[in-house]
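Overview (structure and organization)
If you want the building blocks of each chain, they are given just below.
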Amino acid sequence: MDSEGCRSPWRVLEFYSGIGGLRYSLLKATVNATVVQAFDINDLANDVYQHNFRHRPFQGNIQTLNAADLDGYSSDAWLLSPPCQPYTRQGLQKGSSDARASSFLKILELVPQLLRPPSYLFVENVVGFETSDTHAILVEILEKNNFVTQEFILSPLQFGLPYSRPRYYCLAKRKPLSFEVPEFNNQLLRTPAPLIGQAESTMNKEQLQSPEYWDELLQACQPVDDFLVFKTFGNDKGSSTYSFHANDSVKSDISDEENNVYFVPSSLIERWGSAMDIVYPHSKRICCFTKSYYRYVKGTGSLLATVQEKTENRTPSLQDLSLRYFTPREVANLHSFPEDFQFPQHISLRQRYAMLGNSLSVGVVAPLLQYLFKNPL
């Protein structure tokens, strides 16, 4: 491996920077790197990014960038988390014909024109991207420009986190650089085996997708309780205990909780109760939070029951469970965002949920970046 202390930091460009998930992952990975520029068109997301990093991303349209612009940054690595809607069922899976894919395609088309192309490239997106025509374009451009790739579909559950959020990841290095475990070059993996130095996966695709494999992973996950900011017991919504740090983000959560904004109204429970995913503090698996969490209850993320499942040999009704939404700070905890991450006060509750739903799992991306930037002798 190269000596991290004997060279200048890698110069990184962060595309679609959002609220800083990629940058936090880079920090958690302890890679010797510096973000020389971030890019995002969303004004509010850039407010959050600037609040936490004292650096405001470039807010213009990425499609206005040309090869000379990108060469001017003298970057070593590109980190990209492009819009996922073109590859989801809700987004009609239009792929590269979707206008929201155009900026990413423009960036890819610039790679052959660069005088100084990056040595490392990282792409994150939803499951489904790997079967899209955009993916085919990505792989073709990388191959033609002397990159070797390793691709993954991984979930936080595979890293001990009680959060089901499978995502697609592409790691690419420009030759003569190589991966520490080259046996997996040009493959799509569903295991983090190479991230922990395993030269081969002992399980085939069917085994990795079996209920037995995932049941074993769940047993090793932390309980949901480890990620909660406040804990409410019984039916008394005013009886809470608070944990974690007391930064502004948590103070905001506590203030909101005191107004009961996180408890699910009875009317919603009556209408949508059968469609709700309900978890308990001792649970080991939470469904993925989407950008529509708190706006809708069906299919947008799990709800927390704040009373025991059974009391005095009686199974409580849904109304008795005192269901509540996870707070934004708790969602950030499940995304493995650091304790000092904060939202500026002018960001509304719904906006916080939407931004977190569009973000990524630092707990998964950080080990991937560690692996990407690791150079064997």
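Here the structure is shown first, and the text comes after it.
**A look at the nonpolar core**
One finds Phe122 and Phe326 to be the most contacted residues of the largest nonpolar core, which totals 73 residues. Beyond its immediate chain neighbours, meaning those up to four positions away, Phe122 contacts Leu22, Trp78, Leu79, Leu80, Tyr169, Cys170, Leu171, Val365, Leu368, Leu369 and Leu372. With 31 residues, the next largest nonpolar core counts Phe39, Leu65, Ala101 and Val123 among its residues.

**Some remarks on helix H12 (residues 362-373)**
The end-to-end C-alpha separation of H12 is 16 Å, in line with the 16 Å expected for 12 residues at 1.5 Å each. In terms of burial, H12 is largely enclosed, as 11 of its 12 residues are buried. On the buried face of H12, the contacting elements are strand S1 (10-15), helix H1 (21-28), strand S3 (77-80), strand S4 (120-126), strand S5 (147-154) and strand S7 (167-174).

**A closer look at the state of the cysteines**
Formally, a disulfide is one covalent bond, and it connects the sulfur atom of one cysteine to the sulfur atom of another. Evaluated as defined, the whole model comprises 0 disulfides. Cysteine Cys288 is unpaired, with the sulfur of Cys287 as its nearest cysteine sulfur at 8.4 Å. Judged by relative accessible area, Cys288 falls into the partly exposed class, the value being 21%.

**Observations concerning the pattern of salt bridges**
All told, the structure shown has 7 salt bridges when counted by the stated rule. A salt bridge links Asp76 to Arg116; the shortest N-O distance between them is 3.4 Å. Residue Asp76 is located in the loop between helix H3 (67-71) and S3, and its partner Arg116 is located in the loop between helix H4 (102-110) and S4; the two are separated by 40 residues in the primary sequence. Taking the relative accessible area as the measure of exposure, Asp76 reaches 13% and is therefore buried. Residue Arg324 is joined to Glu330 by a salt bridge in which the shortest nitrogen-to-oxygen separation is 2.9 Å. Among the residues examined, Arg324 registers a relative accessible area of 0% and is labelled buried. What you see here is one network of salt bridges that share partners, running through Asp43, Asp47 and Arg56.

What counts, and where the lines are drawn
- Residues numbered from 1 in each chain as written.
- Predicted model: local features only at pLDDT ≥ 70, side-chain atom pairs only at ≥ 80, totals over all residues.
- Heavy atoms only, no water.
- Core = buried A, V, L, I, M, F, W, Y, C linked by side-chain atoms within 4.5 Å.
- Buried < 20%, exposed > 50% of the residue type's maximum accessible area, 1.4 Å probe, protein only.
- Contact = heavy atoms within 4.5 Å.
- Helix = DSSP H or I, 4+ residues; strand = E, 2+ residues; numbered from the N terminus.
- Expected span 1.5 Å × (residues − 1).
- Disulfide = S-S within 2.5 Å.
- Salt bridge = Lys/Arg side-chain N within 4 Å of Asp/Glu carboxyl O.

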